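# Structural overview
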Amino acid sequence: AGPRVISQAEELSRYLKLLEAIAGRSTYAALLYQYPSACARVGRVLAASRWSADYVVRHPIVLDELVDARSTEMDDFTPVDWSKWRERQINYLRDAHHGAVFRLLVADLDGRFAVERLADQLSALADAVIAEVLDLAWASLPNHPDEPPKFAVIGYGKLGGKELGYQSDLDIVFLYDDPNPDADVIYSRLVRRMMSMLTVQTSSGKLFDVDLRLRPNGENGLAVCSFEMFSRF
């Protein structure tokens, strides 16, 4: 069966909802005006179903995809592989962090920060990045437990003292306190994911250099250890 035919009144109603959603975003209105082919594709999406029309209205940012050549390249021969999407997600975090550091730098150059206050801001930003990386890494683990990880990232050095500078690395230790018999395997995987997200160089650069030498047994020790083991240490 072909696509469902909708009335002109229904089609107009869907267009009006979209125009209302982007009324305050001149960029999207200009996009539809400047790219007739994109406008035509929007029309097909709006006419396809009520769900697809509502989706565009709720998330108008997807209109950017209409001027991305990749949106016209997908077909039956496109590999079923979304691994690059995960890198894109990581890059978003990198870009957001770089933007935040730049805002702090501009304020610093304008003389609006005391040295101690700038260190507070950079340290709090690092804490926020670590928390976000932890959430992303945990969610990406296959068959991870449904409950939140029983896990902590302990900051030492400048991070622990809230004295981070622009080029400071992170001195951290990873601990877990979980009775799960597979805890060592689960949290070892979690730490590997986190270290990759924090330190691997991508097209958007990297987040931080990380130093784990303060963990038990130094460079030869496990990347993550139990709270009990760390207490004995």
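Scroll up for the structure.
The structure displayed is predicted, hence computed values, not measured ones.

## Here's the deal with the nonpolar core
Among the nonpolar cores identified, the biggest contains 37 residues, and Phe151, Leu170, Phe174, Tyr187, Leu190 and Met194 are the most heavily contacted of them. At the level of secondary structure, the elements contributing two or more residues to this core comprise helix 5 (83-109), helix 6 (115-140), strand 2 (170-176) and helix 8 (183-199). Here the element with the most residues in this core is helix 6; it accounts for 11 residues. Apart from the residues within four sequence positions on either side, Met194 is in contact with Ile130, Val133, Leu134, Ala137, Phe151, Val153 and Phe174. In this structure, Leu31, Leu46, Val56 and Leu63 belong to the second largest nonpolar core, which totals 12 residues.

## Regarding the packing of aromatic side chains
Using the criterion set out here, one finds six aromatic pairs in the structure. Both rings, one in Phe151 and one in Phe174, keep their centres 5.9 Å apart while their planes meet at 20°; by these two values the pair is stacked. With Phe151 in strand 1 (residues 151-156) and Phe174 in strand 2, this pair connects stretches of sequence that are 23 residues apart. In this structure, Phe151 and Phe174 share a single accessibility class: buried. For the pair Phe151 and Tyr187, a centre-to-centre distance of 5.8 Å together with 5° between the ring planes defines the contact as stacked. Highlighted residues: Phe151 in strand 1 and Tyr187 in helix 8, separated in sequence by 36 residues. For Tyr187, a relative accessible area of 1% corresponds to the buried category. Aromatic rings pair up to connect Trp138, Phe151, Phe174, Tyr176 and Tyr187 into one cluster.

## Details of the packing of helix 1 (residues 8-21) against helix 3 (residues 36-48)
Where helix 1 meets helix 3, the closest approach of the two axes is 10 Å, and the angle between their N-to-C directions is 120°. By the angle class used here, helix 1 and helix 3 are oblique. Considering how the two elements wind past one another, helix 1 and helix 3 form a crossing that is right-handed. Across the interface between the two elements, Arg14, Tyr15 and Leu18 from helix 1 touch Cys39, Val42, Gly43, Leu46, Ala47 and Ala48 from helix 3. In terms of residue class, the contact of helix 1 with helix 3 is made up of seven nonpolar, one polar and one charged.

## With respect to helix 2 (residues 26-34)
Looking only at helix 2, the buried set comprises Tyr28, Leu31 and Leu32. One face of helix 2 carries all of its buried residues, which in axial projection span an arc of 90°. Facing away from the buried side of helix 2, by more than 90 degrees, are the exposed residues Ser26, Thr27, Tyr33 and Gln34. Of the surrounding secondary structure, the elements contacted by the buried residues of helix 2 are helix 3.

Rules of the game
- Residues numbered from 1 in each chain as written.
- Predicted model: local features only at pLDDT ≥ 70, side-chain atom pairs only at ≥ 80, totals over all residues.
- Heavy atoms only, no water.
- Core = buried A, V, L, I, M, F, W, Y, C linked by side-chain atoms within 4.5 Å.
- Buried < 20%, exposed > 50% of the residue type's maximum accessible area, 1.4 Å probe, protein only.
- Helix = DSSP H or I, 4+ residues; strand = E, 2+ residues; numbered from the N terminus.
- Contact = heavy atoms within 4.5 Å.
- Phe/Tyr/Trp six-rings, centres within 6.5 Å; stacked < 30°, edge-to-face > 60°.
- Axes fitted to C-alpha atoms, helices over the stretch in contact; angles between N-to-C directions.
- Parallel < 35°, antiparallel > 145°, perpendicular 65-115°, else oblique.
- Left-handed = near helix turned anticlockwise from the far one by under 90°.
- Nonpolar A, V, L, I, M, F, W, Y, C, P; charged D, E, K, R; others polar.
- Arc of directions from axis to C-beta.

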